[in-house]
Amino acid sequence: MSRWRDAVRAIRGPLEFAQRGPEAAERVHDLAETLRGALERAAELWIPPEAVKRLHAAREGLAGGATPEALAGVATRLAPLLDPGFPERCLAQPASRVPGVGPKTAQALARKEIATVEDLLFFLPRAYEDRREIVPIEKLEVGRAAVFAGTVTRSAVVPLRNGRRFFQAIVTDGTGAVQLKWFRGIQSFEERLQPGAKVLVAGEVRRYRYAKELHHPDVERLADDASPGELPRIVPSYSAVEGLAPRSVRRLVESALRCAGDLVDGWLPEATVAELCLAEIGASLREVHLPGVGLEPERLRARDTPYHLRLVAEELFLLQLGLEQRRRELRARATQPLVLSAEAEQRALAALPFALTADQRRVWGEIKADLARPAPMNRLLVGDVGTGKTVLAVLAAAAARAAGRTTALLAPTELLAEQHFATLRKLATPLGLRSAFVSGATPPRERHTLARALENGEVSLVVGTHALMSESVALPRLGLVVIDEQHRFGVAQRRALASKGENPHLLAMSATPIPRSLALTVFGDLDHSTLREKPAGRAPVATRVVPPTAGREVMAAVNETLRRGEQIYVVYPLVEESEKADLKDATRGFERLRKALPGVTAALVHGRLASDERARAMNDFVAGRVRVLVATTVIEVGVDVPNATLLIVQHAERFGLAQLHQLRGRVGRGTRSGRALFIGDPTTSEGVERLALLEGTDSGFEIAEADLRIRGAGEWLGTRQAGHLPELRLADLLRHGDYLEPVRRAAEQLLRRDPKLAASPELAAAVARRWSARLELATA
Ligand code: ADP
Ligand code: MG
């Protein structure tokens, strides 16, 4: 709803009543008056000038009373305005329709991706300048921004020796004088700043010889009789638009506001608006762009006013409606249920090498219930490293097999897929599940054989990398897709794999705890399960952050570990941009270590290694033949070597916190306790704080939240996943995460009552508009 829609309702009411017939019209004596009042009020709104004209004309048409002819005339005249699609059409018009936006300006705006009237309205201030305090000129301080008012006493274009010119104006206010200089746009200032002009000036004060001056200050012409009380006080400042002066940008936004601001709809239910203490929608855009004096600049800057928050909540509401609709749509799809009989389930559980923890039993219950439904499961299972997610995937695969369906498990890297395959097999084989492995290197003939084996039920579980998604790998009878380390994949990949079956069930697993704010948005279309408890007997990994100079301490730990007959990981960072140097660093470290540890078997693995070489090294490590494994980040997830108890990470400051936490999950997986040494040289206090956090907590959730706070959502999710992050114009998930929950509840409630939003087609259209590109992308 918007102020405009309210006004339309007030016009429509009497108009429709009157059109019921002459008797109805006669019964209401003051019909003409009511209608004229409603028209007049509507004309005062911030709507397009043409609309205002029409409203006035309609009102004049009633001058002779509400005769049937007059009413018919009004109805015809107003028909385009009363159309529910009118606001939407106005807002979608090119920005050039806004008074003051010429073709050149429109081009400048377009470069900033401001194409429509709506874009301009939602081009929100980046900051606010407090101009409530006007400083006397004599009090201006060099190096500080200030606002002052005064009169131009002299102005002139001054030629420079190099043939260029600048424009200079001297402004005085009775306490002192100061020079303003412009080196560009001379002409327009020359015209505006003639001697005698009253001005309000804002800018940074600099020193020039013995005087103070300002370069390219922001200057506002004041009416000659302006009193200080009328001066603008808190001034929005927008991110720069190339080719436009800041003042022009302000003017244009205001112009857009005045011709369309009251057309913008708010859709949040009133109850939610009240619960969250949000402002009315009509006031929100106005106050955000033209804040009243009562608002604190700090709160404005923090986007923390009820006005900002209303806009934020509106944005999140549309987002949640889209997500919720999509969830419902996915649930409405049909698929084959995968049911494990109670007896078969008992047998499977008994065949496992361990009993499930209570946490695992609970999550298995959730998964089981999903699988038993005739609609595809869409579940995200989040559990810290070592909480035992794999076994749940295996049980789900067993259910698939019982229903005559196959399972595909997708891992992010070949190495992880190989490792997964090895550990998975140990769990799956006792359950009677035969598994197979597919990589990019699997020859076509084997792919063929695999397809046949899947078809006739010999093999029921395929583990692989991206190769699984390729056209040349057929996955017949696919009933379940498991994605490990889900955060490493984009939605498109999820979709590619899922499309190989007919609406297969999906189990996405992630060791990276996802902070709630992101879970509700990025993965908002998935149901969530969380494993918190680790299988008993696991002590937290003793973690220390040490400087690069602590070589002796590190070597002592290494020797101790080796003496106990245990194994060691040494991890080096490897990032694409500095891949060569990184690799050299890891290789050098490997050589140094070999020299320092004569007689100790060590291996180096990295992504560049041929897969058979890598597999050999990994197998040797798993079998205990290799005692020290030097690796780039590839061991990050999936490797399960209970005898490995020491993890050393070089250049720890270059890793994400969540990544480091995952890495340390590699050690202490057996009954022996694990230890992690993060060798880091953080150069910032923030870096120190980050690493120290790992020493203090073993909670992956706490770490993920902190990591998210420090790095921001986009980076946290990685580029792939960032594409999954809906583009939010206003909301900042870190700052406004608290609003998600109530807003999501409101969306859910609304859709429960009206799944297709049939009662508010305008809202349905708004959701569709907001999601048109996204929804397509997100259809897994
Ligand atoms: P992650 O959640 O990190 O993928 P895994 O599934 O690899 O964890 O399990 C970690 C280790 O814990 C494995 O060695 C696995 O066999 C073991 N494990 C899993 N569940 C249990 C359990 N209920 N009791 C004992 N050990 C378990
Ligand atoms: Mg795992």
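Everything below is about the structure shown above.
Bear in mind that the values here come from a model prediction, so they are computed numbers and not experimental data. (Residues numbered from 1 in each chain as written. Chains lettered and ligands numbered in written order. Predicted model: local features only at pLDDT ≥ 70, side-chain atom pairs only at ≥ 80, totals over all residues. Heavy atoms only, no water.)

S.K.: I keep staring at the packing of aromatic side chains and nothing clicks. Help me out?
M.R.: What describes a pair of aromatic rings is the distance from one ring centre to the other and the angle between the planes of the rings. Scanning the entire structure with this criterion turns up seven aromatic pairs. Here the aromatic rings of Phe 166 and Phe 183 are separated by 5.4 Å at their centres, their planes lie at 40 degrees, and the arrangement is tilted. Of this pair, Phe 166 sits in strand β3 (residues 165-172) while Phe 183 sits in the loop between β4 (177-182) and α9 (186-192), and the two are 17 residues apart along the sequence. By relative accessible area, which is 8% here, Phe 166 ends up buried. An aromatic cluster of three or more residues is present, and its members are Phe 167, Trp 182 and Phe 189. One residue, Lys 181, lies across the ring of Tyr 208, its end atom 4.0 Å from the ring centre. Directly above the aromatic system of Trp 46 lies the positively charged group of Arg 286, at a separation of 3.6 Å from the ring centroid. (Phe/Tyr/Trp six-rings, centres within 6.5 Å; stacked < 30°, edge-to-face > 60°. Helix = DSSP H or I, 4+ residues; strand = E, 2+ residues; numbered from the N terminus. Buried < 20%, exposed > 50% of the residue type's maximum accessible area, 1.4 Å probe, protein only. Lys NZ or Arg CZ within 6 Å of the ring centre and 35° of its normal.)

S.K.: Is there a simple way to explain the site of ligand 1 in this structure?
M.R.: Surveying the vicinity of ligand 1 reveals 16 residues, the closest of which are Ala 355, Gly 386, Lys 389, Thr 390 and Asp 640. In this structure, a nitrogen atom belonging to ligand 1 sits 2.8 Å away from a main-chain N or O atom of Ala 355. The separation between an oxygen atom of ligand 1 and a polar side-chain atom of Thr 390 is 2.6 Å. Protein contacts shield 78% of the accessible area of ligand 1, which totals 560 Å² for the unbound molecule. Of the residues that constitute the shell around ligand 1, the class distribution is five nonpolar, six polar and five charged. (Near = heavy atom within 4 Å. Polar contact = N/O pair within 3.5 Å; in protein donor to acceptor, adjacent residues only side chain to side chain. Areas by Shrake-Rupley, 256 points an atom, 1.4 Å probe, with all protein chains shown as cover. Nonpolar A, V, L, I, M, F, W, Y, C, P; charged D, E, K, R; others polar.)

S.K.: I would appreciate a short explanation of the pattern of salt bridges in the present structure.
M.R.: A side chain of one charge can pair with a side chain of the opposite charge when the charged atoms of the two come close. Using the criterion set out here, one finds 41 salt bridges in the structure. Its salt-bridge partner being Glu 254, residue Arg 258 comes within 2.9 Å of it at the nearest N-O pair. Taken together, the positions of Arg 258 and Glu 254, both in helix α10 (residues 246-260) and four residues apart, correspond to about one turn of that helix. Residue class for Arg 258 comes out partly exposed when judged on its relative accessible area of 41%. Between Glu 748 and Arg 744 there is a salt bridge, and its shortest N-O distance comes to 3.8 Å. (Salt bridge = Lys/Arg side-chain N within 4 Å of Asp/Glu carboxyl O.)

S.K.: Would you take a moment to explain the sheet that holds strand β10 (residues 378-383) for this structure?
M.R.: Note: strands within a sheet are paired through backbone hydrogen bonds, in either parallel or antiparallel orientation. Pairing is parallel in the open sheet, where seven strands are placed in the order β12-β13-β11-β14-β15-β10-β16. For this open sheet the edge positions go to β12 (435-438) and β16 (527-531), each flanked by a neighbour on one side alone. Strand-to-strand, the axes of this sheet are offset by a mean angle of 20 degrees, without reference to chain direction. One ladder, built from four bridges, connects strand β14 (residues 478-483) with strand β15 (residues 505-510); its direction is parallel. Residue pairing in the sheet places Ile 483 in a bridge with Ala 508 of β15. (Pairing = 2+ DSSP bridges. Axes fitted to C-alpha atoms, helices over the stretch in contact; angles between N-to-C directions.)

S.K.: Honestly, the pairing of strand β20 (residues 628-632) in this entry has me stumped. Any pointers?
M.R.: On a regular strand, one side chain projects to one face of the sheet and the next to the other, so that they alternate. Across the five residues of β20, five count as buried, placing the element largely inside the fold. Residues Val 628, Val 630 and Thr 632 point to one face of β20 and Leu 629 and Ala 631 to the other, with burial holding for every one of them. Here strand β18 (residues 567-572) runs beside β20; their pairing, made up of five bridges, is parallel. Within β20, the position partnered with Tyr 569 by the bridge is Leu 629. Across four bridges, the pairing between strand β19 (residues 602-605) and β20 is parallel. Looking at the pairing, Leu 604 lines up with Val 630 of β20. This β-α-β element, β19 to helix α24 (residues 611-623) to β20, shows right-handed connectivity. (Right-handed = clockwise from strand over helix to strand, strands pointing away.)

S.K.: Which parts of the structure should I look at to understand the pairing of β4?
M.R.: Summarising burial for β4: five of the six residues are buried, a large majority. From the end of β3 to the start of β4, which pair antiparallel, there are four residues, and Gly 174 there has a positive phi angle of about 95 degrees. Sheet topology note: the β4/strand β7 (residues 211-215) ladder contains three bridges and is parallel. Each residue of the ladder has a partner; that of Lys 181, found in β7, is His 215.

S.K.: What am I meant to see in the sheet that holds β20 here?
M.R.: With respect to topology, six strands assemble into an open sheet ordered β17-β22-β21-β18-β20-β19, the strand pairing being parallel. Each edge of the open sheet carries a strand with a single partner, namely β17 (542-546) and β19. Each strand axis lies, on average, 15 degrees off the axis of its neighbour in the sheet, ignoring direction. The pairing of β18 with strand β21 (residues 644-649) spans five bridges and is classified as parallel. Following the sheet pairing, Val 570 is matched in β21 by Ile 648.

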